[in-house]
Amino acid sequence: MLIKEVYDVVVIGAGPGGLAAAIEAKKAGALDVLVIERDVELGGILLQCIHNGFGLQTFKEDLPGPEYAQRYINEARAIGVEFLLDTMVMDVTPQRRLYLSSQQHGYFTLDARAIVLAMGCRERTRAQIRIPGMRPNGVFTAGTAQRWVNVEGYMPGKNFVILGSGDIGMIMARRLTFEGAKVSRVLEIQSYLSGLSRNFVQCLQDWDIPLQLQHTIKHIMGKNRVEAIETVAVDDHWNFVPGSEEIIPCDTLLLSVGLIPENELSKKAGVLLDPITGGPYVDERFQTSVPGIFAAGNVVHVYDLVDYVSIAGDTAGMNAARYALAEQQLEADYVPVKAGKNVRYVVPHKLDRKALESGDVQFQLRVTRPLEEDVWLEVRSESKSVVRRSDRYARPGEMVTIKLKPSMAEAVRAAESLTVDVYPKAEV
């Protein structure tokens, strides 16, 4: 492959967000679109997600992860997207120069008229949650175990305890049970589920795998290999409840305790990060604080469905191409978007006052606590309601979406800021 000095659009990451961004950039008129991937294969994390549940929104089909990815790979290749595999991006500058390294090409640089950051996310580790005990073999993240079982063909253990009710952890509880392992317990420090309700039903309840809420690990036992874990109940402030300790024999502990957007390159590019999500501040085009640098997918905030990652990639890729072709280089007049009552964060973080003139805009958010009764989802400007809709419930493990329509354009243009609230109907 002949590497060009300048590309219209460079996408970093070949997962679902990156592939979708590259395809849309090409469709929007960008001539030279390059995807850079550090792995030797395209598809990202989807390659190890062999369970179904992908594509219901995008393709109206129930697909396993690899098949979902392959559809995007096939389309990207068919329309002429270029790929650099087994290549690491070492640095990115605010001027959109990339420094790269690969075995085939050595150390080299290239420039981009626009960049889409699509590096995805990584798992929290034992060190980040500070579990006491020795450091025996047998403590892994759930994603690592998923890779070993589904791709490499290795079983990491026989008797498991899983800490955290994240989606990967619950899915692996079922997968390991399929393979003949015993999953003794799933522990969750919160008083509510941190993953999707459907995974709780399909992966835990259907297989009689017990879930203990408001429980965590007090100590890992074992010197060379995990021998047992000591669990303990916690109160509403995560303080241990004396006398609630229990010893559970096991040889493997899996951690499913959250995902963090992968943003080391974003920092190097000077992109401003949201301390709540860990991802870039973005507008409705998914442009970051650095002009010409866009971001899409789990690098912005952690999604619960891959279909939404691809949709975000579509938006970022299309607007990156427009920027590269000098269609949208004028500064926008932004309205700040704020997280209000019971809302942890909202994406996008700001909205162009003219954004609704060209179509709908979606706000995506997560709530701070479960609201199990009928709720209102509201976007308001100061004391005036812009849009309000109802839903049956709102849960931290499930992303909430509110759509703004062109009929609301005047209210947005006149707003000093927009605040998003989620609250029980009974509070009205």
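Note: the structure precedes this text.
In what follows, the accompanying structure is described.

Parameters and conventions
- Residues numbered from 1 in each chain as written.
- Predicted model: local features only at pLDDT ≥ 70, side-chain atom pairs only at ≥ 80, totals over all residues.
- Heavy atoms only, no water.
- Helix = DSSP H or I, 4+ residues; strand = E, 2+ residues; numbered from the N terminus.
- Buried < 20%, exposed > 50% of the residue type's maximum accessible area, 1.4 Å probe, protein only.
- Contact = heavy atoms within 4.5 Å.
- Areas by Shrake-Rupley, 256 points an atom, 1.4 Å probe, with all protein chains shown as cover.
- Lys, Arg positive; Asp, Glu negative; His and termini not counted.
- Charge placed at Lys NZ, Arg CZ, Asp CG, Glu CD.
- Pairing = 2+ DSSP bridges.
- Axes fitted to C-alpha atoms, helices over the stretch in contact; angles between N-to-C directions.
- Core = buried A, V, L, I, M, F, W, Y, C linked by side-chain atoms within 4.5 Å.
- Polar contact = N/O pair within 3.5 Å; in protein donor to acceptor, adjacent residues only side chain to side chain.
- Patch = residues over 30% accessible without salt bridge, like charges linked within 9 Å, V, L, I, M, F, W, Y side chains within 5 Å.
- Salt bridge = Lys/Arg side-chain N within 4 Å of Asp/Glu carboxyl O.
- Right-handed = clockwise from strand over helix to strand, strands pointing away.
- Left-handed = near helix turned anticlockwise from the far one by under 90°.
- Nonpolar A, V, L, I, M, F, W, Y, C, P; charged D, E, K, R; others polar.

## Let's talk about the overall build of the protein
Logical step 1: When helices and strands are tallied, the protein shows nine helices and 25 strands.
Logical step 2: Principal-axis analysis of the C-alpha atoms gives the protein an extent of 65 × 60 × 40 Å.
Logical step 3: Residues counted as buried form 54% of the 428 residues belonging to the protein.
Logical step 4: Excluding contacts between residues fewer than 6 apart, the proportion of contacts in the protein whose partners are at least 24 apart in sequence is 64%.
Logical step 5: Of the roughly 19200 Å² of accessible surface on the protein, a fraction of 49% belongs to carbon and sulfur atoms.
Logical step 6: Separation between the mean location of the 47 positive side-chain charges and that of the 54 negative ones in the protein comes to 1 Å.

## A short note on the sheet that holds strand β21 (residues 361-367)
Logical step 1: Ordered by their spatial adjacency, three strands build an open sheet running β19-β21-β24, and the pairing between neighbours is antiparallel. With partners counted over all chains shown, the strands left at the sheet margins are β19 (343-347) and β24 (400-404), one partner each. The average undirected angle you get between the axes of adjacent strands in this sheet is 25°.
Logical step 2: Judged from the five bridges that link them, β21 and β24 form a sheet pairing that is antiparallel. Within β24, the residue paired with Phe-363 across the bridge is Ile-402.

## Describing unusual backbone geometry
Logical step 1: A cis amide bond links Val-347 with the next residue in sequence, Pro-348, at an omega value of 5°.
Logical step 2: Relative to the assigned elements, Pro-348 resides in the loop between β19 and β20 (350-352).
Logical step 3: The backbone of Asp-86 shows a phi angle near 55°, a positive value even though the residue is not glycine.
Logical step 4: Within the secondary structure, Asp-86 sits in the loop between β3 (82-84) and β4 (87-92).
Logical step 5: The class of Asp-86 is partly exposed, set by a relative accessible area of 37%.

## So, the sheet that holds strand β14 (residues 246-249)
Logical step 1: Pairing is antiparallel across the open sheet formed by three strands, whose spatial order is β12-β13-β14. Here the strands that pair on one side only, and so sit at the sheet edges, are β12 (215-221) and β14. Averaged over all pairs of adjacent strands, the angle between their axes in this sheet comes to 30°, without regard to strand direction.
Logical step 2: Here β12 pairs with strand β13 (residues 228-233) via six bridges, running antiparallel.

## Considering the nonpolar core
Logical step 1: Within the largest apolar cluster, 67 residues are counted, with the highest numbers of intra-cluster contacts made by Val-9, Ile-12, Leu-98 and Val-116.
Logical step 2: Counting residues per element, this core draws most heavily on helix α8 (residues 306-324), which supplies eight residues.
Logical step 3: Excluding its chain neighbours within four sequence positions, the residues that come into contact with Val-116 are Val-9, Val-10, Val-11, Ile-12, Ala-21, Phe-294, Ala-296, Ala-316, Gly-317 and Ala-320.
Logical step 4: By size, the runner-up hydrophobic cluster in this structure holds 28 residues, among which are Val-346, Phe-363, Val-412 and Ala-415.

## Overview of the environment of Gly-80
Logical step 1: Looking at the element boundaries, Gly-80 is found in the loop between α2 (65-78) and β3.
Logical step 2: Sequence spacing of Gly-80 and Val-11 is 69 residues, and the spatial spacing of their C-alpha atoms is 14 Å.

## Quick notes on the side chain of Glu-284
Logical step 1: Structurally, Glu-284 is set in the loop between α7 (264-268) and β17 (293-295).
Logical step 2: Only 3.3 Å separates the side chain of Glu-284 from the side chain of Arg-285, close enough to count as a polar contact.
Logical step 3: A distance of 3.0 Å separates a polar side-chain atom of Glu-284 from the backbone nitrogen of Asp-352.
Logical step 4: Contacts of Glu-284, omitting those with residues within four sequence positions, involve Thr-315, Tyr-334, Pro-348, Lys-350, Leu-351, Asp-352, Ala-355 and Val-361.

## Thoughts on a nonpolar patch on the surface
Logical step 1: Together, Met-88, Met-90 and Tyr-107 make up a nonpolar patch on the protein surface, roughly 320 Å² of accessible area in all.
Logical step 2: Residue placement: Met-90 occurs in strand β4.

## A look at the pattern of salt bridges
A pair can form between side chains of opposite charge whenever their charged atoms are brought close.
Logical step 1: What the rule picks out here adds up to 24 salt bridges.
Logical step 2: For Arg-285, the salt bridge goes to Asp-352, with nearest N and O atoms at 3.0 Å. Of the two residues, Arg-285 is situated in the loop between α7 and β17 and Asp-352 in strand β20; the sequence distance between them amounts to 67 residues.
Logical step 3: Here Asp-352 falls in the buried class, since its relative accessible area comes to 9%.
Logical step 4: Through salt bridges that share partners, Asp-283, Glu-284, Arg-285 and Asp-352 make up one connected network.

## Notes on the pairing of strand β9 (residues 159-163)
Logical step 1: Taken across its five residues, β9 has five buried, putting it largely inside the fold.
Logical step 2: Note that β9 and strand β10 (residues 182-188) share five bridges and pair parallel. From the neighbouring strand, Asn-159 faces β10, where its bridge partner is Lys-182.
Logical step 3: The handedness of the β9 to β10 crossover, carried by helix α5 (residues 167-178), is right-handed.
Logical step 4: Inspection of the sheet shows β9 paired to strand β15 (residues 252-255) by four bridges, in the parallel sense.

## Examining the packing of helix α4 (residues 142-152) against α5
Logical step 1: As a packed pair, α4 and α5 sit with axes 9 Å apart at the nearest point and diverge in direction by 35°. As for the relative orientation of α4 and α5, their crossing is left-handed in sense. Listed contacts from α5 to Ala-142, Gly-143, Ala-145, Gln-146, Val-149 and Asn-150 of α4 are Ile-168, Gly-169, Ile-171, Met-172, Arg-175 and Leu-176.
Logical step 2: Of the residues in the contact of α4 with α5, the class split is seven nonpolar, four polar and one charged.

## So, the side chain of Ser-310
Logical step 1: Secondary-structure assignment places Ser-310 in helix α8.
Logical step 2: In this view, Ser-310 contacts Pro-16, Ala-20, Tyr-68 and Tyr-72; residues no more than four positions away in its chain are not counted.

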